[in-house]
Amino acid sequence: MESLQEKILAYYKEGMPFSDCGDVEESVLEKFAEHAVFLRENVKWCKALPEDIFMENVAAYRINNERIEDCRKWFFGMVWPEIMYMEAKEAIGVVNMWCARQVTYHQASARTANAVTAYKSGLGRCGEESVFTVTVLRSVGLPARQVYAPWWSHCDDNHAWVEVWCDGKWHYLGACE
């Protein structure tokens, strides 16, 4: 019988963008999968998730086109002490506020920076803010995804935000706000 970690690694390989085949080390994927298994087995709101929501919005290692870096356990260590006794809905609000204290909006035109870069610089566009927030939410087992509008109505540009799964449905969250 296939272990949960093996199932997650197979999920990564099946949906992996071609560029990740050469850019993302196997050991990094293994660490993402190990942390996802830890969350599934030890975090009450993660235990209760439907399998598809867990796989696509907690276990998944990629959010956008950011450089992949093993960081979820690191973010877990920073955020978990603040939310460990909370229910999921309350924890989502606390994580969002924590993220808002860490990263401030700053216009840039480079490739979407990953969560570690956003955290260390304290800056990012909506794309970085949402990658950061999704990463931190996923690091504590809260299902999240980045959502994009390819053409934002009030300007000649796109926009990204976060949606989080709670109480059986997706909710708009914004990012770092």
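## Here's the deal with the overall build of the chain
Here is step 1: Looking only at helices and strands, one finds nine helices and five strands in the chain.
Here is step 2: Reading the chain from its N end, one meets helices and strands in the order α-α-α-α-α-α-α-β-α-β-α-β-β-β.
Here is step 3: Taken over 177 residues, the chain has a buried fraction of 50%.
Here is step 4: Summarising the internal contacts of the chain: among those between residues at least 6 apart in sequence, 58% fall at separations of at least 24.

## A look at the packing of helix α3 (residues 26-42) against helix α6 (residues 72-83)
Here is step 1: One way to put it is that α3 packs onto α6 with a least axis distance of 9 Å and a crossing angle of 40 degrees. Judged on the interaxial angle alone, α6 and α3 are oblique. Of the residues in α6, those in contact with Phe32, His35, Phe38 and Leu39 of α3 are Arg72, Lys73 and Phe76.
Here is step 2: For the contact of α3 with α6, a count of residues per class yields four nonpolar, one polar and two charged.

## Some details on the side chain of arginine 138
Here is step 1: Mapped onto the secondary structure, arginine 138 falls in helix α9 (residues 126-139).
Here is step 2: Here arginine 138 is buried and forms no salt bridge, its nearest opposite-charge partner glutamate 66 lying at an N-O distance of 6.8 Å.
Here is step 3: Among the polar contacts listed, one links the side chain of arginine 138 to the backbone oxygen of alanine 144, at a separation of 2.9 Å.
Here is step 4: When residues no more than four places from it in sequence are discounted, the contact partners of arginine 138 are Leu39, Glu56, Asn57, Val58, Ala60, Arg62, Ile63, Arg72, Ala144 and Arg145.

## Here we look at unusual backbone geometry
Here is step 1: Phi is positive for aspartate 167, which is not a glycine, with a value near 55 degrees.
Here is step 2: Inspection of the secondary structure assignment puts aspartate 167 in the loop between β4 (159-166) and β5 (169-174).

## A closer look at the packing of α3 against helix α5 (residues 51-59)
Here is step 1: For the pair α3 and α5, interaxial distance at closest approach is 11 Å and the crossing angle is 135 degrees. Relative to α5, α3 is oriented oblique. In this structure, the crossing between α3 and α5 has a hand that is right-handed. On α5, the residues touching Ala36, Leu39 and Arg40 of α3 are Glu51, Phe54, Val58 and Ala59.
Here is step 2: Along the lines of polarity and charge, the residues of the contact of α3 with α5 split into five nonpolar, no polar and two charged.

## A closer look at the pattern of salt bridges
Here is step 1: Going through the model one piece at a time under the given rule, you end up with eight salt bridges.
Here is step 2: Glutamate 163 is paired through a salt bridge with arginine 145; the nearest N and O atoms lie 2.7 Å apart. Remark: arginine 145 occurs in strand β3 (residues 144-149) and glutamate 163 occurs in strand β4; sequence separation between them is 18 residues.
Here is step 3: The buried category is assigned to glutamate 163, whose relative accessible area is 17%.
Here is step 4: Through salt bridges with shared partners, a single network forms among Asp20, Arg62 and Glu66.

## Section: the environment of lysine 13
Here is step 1: Among the secondary structure elements, lysine 13 is positioned in helix α1 (residues 4-15).
Here is step 2: Its relative accessible area of 44% is what places lysine 13 among the partly exposed residues.
Here is step 3: Remark: the alpha-carbon pair of lysine 13 and leucine 29, spanning 16 residues in sequence, is separated by 9.5 Å.
Here is step 4: Contacts of lysine 13, omitting those with residues within four sequence positions, involve Glu26 and Leu29.

## As for the packing of aromatic side chains
Here is step 1: Tallied over the entire structure, the rule returns ten aromatic pairs.
Here is step 2: Ring plane angle 20 degrees and centroid distance 6.0 Å describe the contact between tryptophan 98 and phenylalanine 132, whose orientation is recorded as stacked. Of this pair, tryptophan 98 sits in helix α7 (residues 88-102) while phenylalanine 132 sits in helix α9; the two residues are 34 residues apart in sequence, bridging distant segments of the chain. There is no split in this pair, since tryptophan 98 and phenylalanine 132 are both buried.
Here is step 3: The interplanar angle of 70 degrees and the centroid separation of 5.4 Å between the aromatic rings of tryptophan 165 and tryptophan 170 together place this pair among those described as edge-to-face.
Here is step 4: Looking at tryptophan 165, the relative accessible area reads 18%, which means it is buried.

What counts and what doesn't
- Residues numbered from 1 in each chain as written.
- Predicted model: local features only at pLDDT ≥ 70, side-chain atom pairs only at ≥ 80, totals over all residues.
- Heavy atoms only, no water.
- Helix = DSSP H or I, 4+ residues; strand = E, 2+ residues; numbered from the N terminus.
- Buried < 20%, exposed > 50% of the residue type's maximum accessible area, 1.4 Å probe, protein only.
- Contact = heavy atoms within 4.5 Å.
- Axes fitted to C-alpha atoms, helices over the stretch in contact; angles between N-to-C directions.
- Parallel < 35°, antiparallel > 145°, perpendicular 65-115°, else oblique.
- Nonpolar A, V, L, I, M, F, W, Y, C, P; charged D, E, K, R; others polar.
- Lys, Arg positive; Asp, Glu negative; His and termini not counted.
- Salt bridge = Lys/Arg side-chain N within 4 Å of Asp/Glu carboxyl O.
- Polar contact = N/O pair within 3.5 Å; in protein donor to acceptor, adjacent residues only side chain to side chain.
- Left-handed = near helix turned anticlockwise from the far one by under 90°.
- Phe/Tyr/Trp six-rings, centres within 6.5 Å; stacked < 30°, edge-to-face > 60°.

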